[in-house]
Amino acid sequence: MKLKFLLPLLSLLVVACSDYESFSDNPSFRLVFSQDTIAFDTLISTIPSSTKTLYAFNNNSNGIRISSIQLEGGSSSRFRVNVDGRYLADGSWNDFEVLKHDSLIIRIEMTPPEVGSLEPLYFKDKLDFILENGVRQSVVLSGGSIDAYIQKGGMVIEEDATLLTDKAYVIYDSLVVRKGATLTLTEGTKLMFHDKAALHVYGKLMVEGSYEKPVVLRGDRMDHMFDYLLYDNTPSRWEGVVIHRGSLGNEFTQLDLHSSCFGIIVEDTEELKPDESKPSVVLDGCILHNIGGDGLQLNNCASKVTNTQISNTYGHTVNISGGSHTFIYSTLAQFYPFTASRGDALHLVSSEGGDEYGLLRKAHFINCVITGYGPDVIMGENIPDDGSCDYFFYHSFLNTPPVNDEEHFADCIFDQDKKKNEEERLVRQDNFIRFDTENFIYDFTPKDDSRIRSLADGSYADLPPTDRRGVNRTGDEGPDAGCYEYVAPTDADSEEEDKR
């Protein structure tokens with residue numbers, strides 16, 4: 001009896017398995033791909049890419065046999081392909097089966113070739129699927145390559161040097177400028193730092209960029225984290241810049257530093273009272289943006305910062321501990337998007353108990369914008385009220401509760417929420433013309449109706465006549481606070497915005 005009962009069941013199982021594993025040469029049967037194109041970013045030549053995944057689905061009522069899967073470029077292709085765990089030797093693979101409602105998992109990589117010129121090289125291939133039923137299907141593979149100087153095992157500057165600008169430098173294991181040496185970076189120089197790499201300055205660093213060709217310090221990841229998001233638009237891709245103790249006279253003009261763990265850290269000068277005529281660092285027309293720690297950290301030194309944007313930092317955007325500092329026409333914008341536990345836009349610290357070392361002697365902010373998401377983004381610690389600390393905010397736009405203190409706050413506008421019965425006004429991020437929090441793209445130029453407009457005092461001594469983009473500050477009713485002067489959009493600008 002038991003045997004008679006089991007025989008029909010076994011027959012059903014055999015029929016079911018046989019049906020499930022049947023294959024068809026129906027010419028209407030095709031594979032369905034998760035993507036019709038696998039596009040790699042433009043990458044550094046000779047450095048392998050990350051792996052991309054392609055799925056090939058069989059949604060048909062029977063299995064499909066594939067006569068061959070092959071790269072059109074064959075063994076000379078720039079791409080490497082692995083299908084369900086098997087590598088396509090010599091760029092091809094024959095005789096494969098895909099059961100109904102099953103799929104293939106295809107992994108694709110590339111190693112971009114050397115270019116041999118200043119321009120990027122772009123290339124394509126196709127991954128062809130030739131089915132037993134005669135159907136031929138293809139997925140396009142594309143990528144790009146740029147050459148770079150690859151520096152492994154550390155890069156040390158022992159004597160005065162100027163780096164080349166014909167291609168970027170990819171730096172592993174950090175770049176070090178020894179004491180007594182000066183490293184000069186001229187316009188168009190690009191340094192791309194690998195994970196954990198930093199720029200350490202014991203001697204002197206001179207950055208001589210221009211708005212059209214800035215000096216760029218960034219991470220070496222050129223690919224996308226997601227389809228919509230570049231790694232380069234995320235923080236903590238590399239370490240940052242450290243100006244070590246005793247290093248003086250560092251000058252940064254039109255520097256674009258972004259996506260680091262910290263921006264620029266300036267260690268103390270070893271002096272009890274830093275000399276303003278011998279600053280540790282001068283910044284003019286720079287951007288320090290999208291940073292996983294402090295943007296600019298100044299420790300018991302002297303500094304001057306003009307026409308500079310420091311923005312979106314997990315730590316303090318500007319963190320000053322002691323010394324003498326002047327900021328002119330600068331934008332400190334604390335809109336770090338990845339967490340609410342971000343630091344202050346401006347954090348000022350002076351020494352405790354009247355200690356002369358580390359005393360905050362001077363902190364002037366002239367025609368500046370200092371704002372951020374929080375209700376109060378300007379904080380101070382141990383700031384003495386005996387007059388020994390000369391702190392002063394003048395014609396600046398400040399996100400801090402209003403202060404009735406004309407000695408320290410003169411002709412400022414406080415970036416606070418609208419109160420009952422007050423006129424409509426822009427606050428915080430609404431003051432700026434572009435705030436794309438999906439793609440992490442920002443433009444801190446003030447809008448036409450922002451109170452930042454015409455706030456600056458153009459008659460104050462030692463003021464630059466143009467903003468960091470070279471726009472004349474005297475072309476309208478009055479100069480705007482911050483590092484960007486408002487420019488009325490053109491028809492071309494409107495068309496570009498519509499495309500976005």
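So, here is what we can say about the structure in this document. All residue numbers refer to positions counted from 1 along the written sequence of the respective chain. In keeping with the predicted nature of the model, local features appear solely for residues at pLDDT of at least 70, side-chain atom pairs appear and are counted solely at 80 or more, and the whole-chain, interface and lining totals rest on all residues. Excluded from the side-chain calculations are hydrogens and water; all other atoms, namely the structure's heavy atoms, are used.

1. Considerations on the overall build of the protein chain
What counts as a helix is a DSSP run of H or I of at least four residues, what counts as a strand is a run of E of at least two, and both are numbered from the N terminus. Regarding its fold elements, the protein chain presents two helices and 42 strands. Scaling as 2.2 N^0.38, a compact globule of 500 residues should have a C-alpha radius of gyration of about 23 Å, whereas the protein chain reaches 30 Å, well beyond that. Each principal axis of the C-alpha distribution contributes one length, and for the protein chain these read about 105 × 65 × 55 Å. Three exposure classes are used, based on accessible area relative to the maximum for each residue type with a 1.4 Å probe and protein chains only: buried under 20%, partly exposed in between, and exposed over 50%. Out of the 500 residues belonging to the protein chain, those deemed buried represent 51%. For the protein chain, the proportion of contacts with a sequence separation of at least 24, taken over those separated by at least 6, is 60%. Using a 1.4 Å probe, accessible areas were evaluated by the Shrake-Rupley method; residue-level cover was limited to the displayed protein chains. Just so you have it, the protein chain exposes about 23600 Å², and 48% of that area is on carbon and sulfur atoms. Charge assignment in this entry is limited to Lys and Arg as positive and Asp and Glu as negative, and neither His nor the chain termini are counted. Each charge is placed at NZ for Lys, CZ for Arg, CG for Asp and CD for Glu. Considering the protein chain, the positive charge centre built from 45 side chains and the negative charge centre built from 79 side chains are found 7 Å apart. Each radius of gyration is computed over the set of C-alpha atoms, and the globule rule expresses the reference value as 2.2 Å times the number of residues to the power 0.38. In this description, contact between two residues means that some pair of their heavy atoms is separated by no more than 4.5 Å.

2. Describing the environment of Asp90
Mapping Asp90 onto the fold places it in the loop between β6 (86-87) and β7 (92-98). The class for Asp90 is exposed, based on a relative accessible area of 62%. Beyond its immediate sequence surroundings of up to four residues, Asp90 is in contact with Gly74 and Ser75.

3. What about the nonpolar core?
Counting 58 residues, the largest nonpolar core has Ile264 and Phe327 as the members making the most contacts within it. Looking at this core, the element that brings in the most residues is strand β29 (residues 296-306), giving four residues. Listed in part, the 38 residues of the second largest apolar core include Phe40, Phe96, Val98 and Leu127. Residues belong to one nonpolar core when they are buried, are Ala, Val, Leu, Ile, Met, Phe, Trp, Tyr or Cys, and are joined through side-chain atoms within 4.5 Å.

4. So, the side chain of Ser45
Within the secondary structure, Ser45 sits in the loop between β2 (37-44) and β3 (52-57). In this structure Ser45 touches Pro112, Pro113, Glu114, Ser145, Ile146, Asp147 and Ala148, once residues within four positions along its chain are discounted.

5. Focus: the pattern of salt bridges
Each salt bridge in this description consists of a side-chain nitrogen of Lys or Arg and a carboxyl oxygen of Asp or Glu lying within 4 Å of one another. Overall, the coordinates contain 13 salt bridges when judged by the stated rule. Between Asp128 and Arg136 there is a salt bridge whose closest N-O contact spans 2.9 Å. Between Asp268 and Arg245 there is a salt bridge, and its shortest N-O distance comes to 2.8 Å. One end of the pair, Asp268, is in the loop between β26 (264-266) and β27 (281-284); the other, Arg245, is in the loop between β23 (241-243) and β24 (250-253), and 23 residues separate them in sequence. Looking at Asp268, the relative accessible area reads 15%, which means it is buried. When salt bridges with common partners are traced through the structure, they connect Asp448, Arg453 and Asp480 into a single cluster.

6. Some words on the pairing of β27
Of the two faces of β27, only the one carrying Val281 and Leu283 is buried; Val282 and Asp284 on the other face are not. Strand pairing is assigned whenever DSSP identifies at least 2 bridges connecting the two strands. Pairing of β24 with β27, which is carried by four bridges, proceeds in the parallel orientation. Residue pairing in the sheet places Thr253 in a bridge with Asp284 of β27. Note: β27 against β29, four bridges, orientation parallel.

7. Considerations on the environment of Asp95
Tracing the backbone shows Asp95 in strand β7. With relative accessibility at 63%, the residue Asp95 sits in the exposed group. Measuring from C-alpha to C-alpha, the distance between Asp95 and Ile66 comes to 5.6 Å, with 29 residues separating the pair along the chain. Not counting residues within four places of it along the chain, the set of residues in contact with Asp95 comprises Ile66, Ser67 and Ser68.

8. Describing the sheet that holds β2
Ordered in space as β2-β10-β9-β4-β7, the five strands form an open sheet in which the pairing is mixed. Of all strands in the sheet, those bounded by a partner on one side alone are β2 and β7. The mean angle between the axes of side-by-side strands here comes to 20 degrees, regardless of whether they run parallel or antiparallel. Alignment of strand β4 (residues 64-71) against β7, held across six bridges, turns out to be antiparallel. Among the inter-strand pairings, Arg65 is bridged to a residue of β7, identified as Glu97. Orientation is described by lines fitted to C-alpha atoms, with helices fitted over the stretch in contact, and by angles between N-to-C directions that extend from 0 to 180 degrees.

9. Brief notes about the sheet that holds strand β38 (residues 397-398)
Strand order across the open sheet formed by 11 strands is β11-β14-β17-β20-β25-β28-β30-β32-β35-β38-β40, with parallel pairing between neighbours. Each edge of the sheet is formed by a strand with only one pairing partner; in this case those strands are β11 (148-151) and β40 (413-414). As judged from the three bridges shared by strand β20 (residues 215-219) and strand β25 (residues 255-258), these two strands associate in the parallel manner. The partner of Val215 across the bridge, within β25, is Leu255.

10. Here we look at the environment of Leu360
Relative to the elements of secondary structure, Leu360 occurs in strand β34 (residues 360-366). Taking C-alpha positions, Leu360 is 24 Å from Tyr314, a pair spaced 46 residues apart along the chain. What Leu360 contacts, discounting residues up to four positions off in sequence, is Ile320, Gly322, Gly323, His325, Leu348, Val349, Ser350, Ile383, Ser388, Cys389 and Asp390.

11. Digging into the state of the cysteines
Any two cysteine sulfur atoms within 2.5 Å of one another count as a disulfide. In the structure shown here, the tally under the stated rule is zero disulfides. Residue Cys261 stays outside any disulfide, its sulfur separated by 20 Å from that of Cys286, the closest cysteine. Here Cys368 stays free of any disulfide, with the sulfur of Cys483 as its closest cysteine sulfur at 9.3 Å.

12. A short note on the pairing of strand β5 (residues 79-83)
Along β5, the buried face is formed by Phe79, Val81 and Val83; none of Arg80 and Asn82, which line the opposite face, is buried. Where β5 meets β6, two bridges bridge the pair, whose relative direction is antiparallel. The residue of β6 that forms the bridge with Val83 is Arg86. Counted along the chain from β5 to the antiparallel partner β6, the turn is two residues long, and its residue Asp84 has a positive phi close to 50 degrees.

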